[in-house]
Amino acid sequence: MVVPWASSMLLTRNLLYTGMTRAKKLLILIGNNKIVDNMINNSEIKNRNTGLKYKLMK
């Protein structure tokens, strides 16, 4: 999993958890340790306005 320099709004614990749980046998994190630490500590959850519910109702 590549962990790039990005806005802290995008680099959340949920994203890291998703990458870890989707890895079947092995997970290799490529990036800066400080960024990964920030992701672990960033438990902020943002509401996503994807419009998925509307698209599924069509």
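See the structure printed just above.
To start, this report covers the structure provided alongside it. (Residues numbered from 1 in each chain as written. Predicted model: local features only at pLDDT ≥ 70, side-chain atom pairs only at ≥ 80, totals over all residues. Heavy atoms only, no water.)

## Here's the deal with the overall build of the chain
Part 1: When you go through the chain residue by residue, the secondary structure sums to three helices and two strands.
Part 2: Along the chain direction, N to C, the helices and strands of the chain fall in the order β-α-β-α-α.
Part 3: Since a compact globule built from 58 residues should have a radius of gyration of about 10 Å, the 14 Å found for the chain marks it as more spread out than a globular shape.
Part 4: C-alpha atoms of the chain, sized along the principal axes, occupy 45 × 25 × 15 Å.
Part 5: In the chain, which comprises 58 residues, the proportion classed as buried is 14%.
Part 6: Looking at the chain alone, contacts between residues at least 24 apart form 76% of all its contacts between residues at least 6 apart.
Part 7: Surface accessibility of the chain: about 5400 Å² in total, with carbon and sulfur atoms responsible for 57%. (Helix = DSSP H or I, 4+ residues; strand = E, 2+ residues; numbered from the N terminus. Rg over C-alpha atoms; globule rule 2.2 N^0.38 Å. Buried < 20%, exposed > 50% of the residue type's maximum accessible area, 1.4 Å probe, protein only. Contact = heavy atoms within 4.5 Å. Areas by Shrake-Rupley, 256 points an atom, 1.4 Å probe, with all protein chains shown as cover.)

## As for helix 2 (residues 33-41)
Side chains that are three or four residues apart share a direction in an α-helix, a result of its 3.6 residues per turn.
Part 1: Taken as a whole, helix 2 has its buried residues at Ile-35, Val-36 and Met-39. When helix 2 is viewed along its axis, its buried side chains cluster within an angular range of 100° and face the same direction. Seen from the open side of helix 2, the exposed residues pointing more than 90 degrees away from its buried face are Asn-33, Lys-34 and Asn-41.
Part 2: On the buried face of helix 2, the contacting elements are strand 1 (2-3) and helix 1 (13-22).
Part 3: Near the N-terminus of helix 2, the side chain that reaches the backbone nitrogen of Lys-34, with its oxygen 2.6 Å away, is that of Asn-32. (Arc of directions from axis to C-beta. Polar contact = N/O pair within 3.5 Å; in protein donor to acceptor, adjacent residues only side chain to side chain.)

## Details of the packing of helix 1 against helix 2
Part 1: Relative to each other, helix 1 and helix 2 sit at 105°, their axes nearing to 7 Å. By the angle between their axes, helix 1 is roughly perpendicular relative to helix 2. Residue-level inspection shows Arg-13, Leu-15 and Leu-16 of helix 1 in contact with helix 2, the latter providing Val-36, Met-39, Ile-40 and Asn-41.
Part 2: Looking at the contact of helix 1 with helix 2, its residues break down into five nonpolar, one polar and one charged. (Axes fitted to C-alpha atoms, helices over the stretch in contact; angles between N-to-C directions. Parallel < 35°, antiparallel > 145°, perpendicular 65-115°, else oblique. Nonpolar A, V, L, I, M, F, W, Y, C, P; charged D, E, K, R; others polar.)

## Looking at the side chain of Thr-12
Part 1: By the element assignment, Thr-12 lies in the loop between strand 1 and helix 1.
Part 2: A relative accessible area of 11% means that Thr-12 is categorised as buried.
Part 3: Among all residues touching Thr-12, those that are not within four sequence positions of it are Met-39, Asn-42 and Glu-44.

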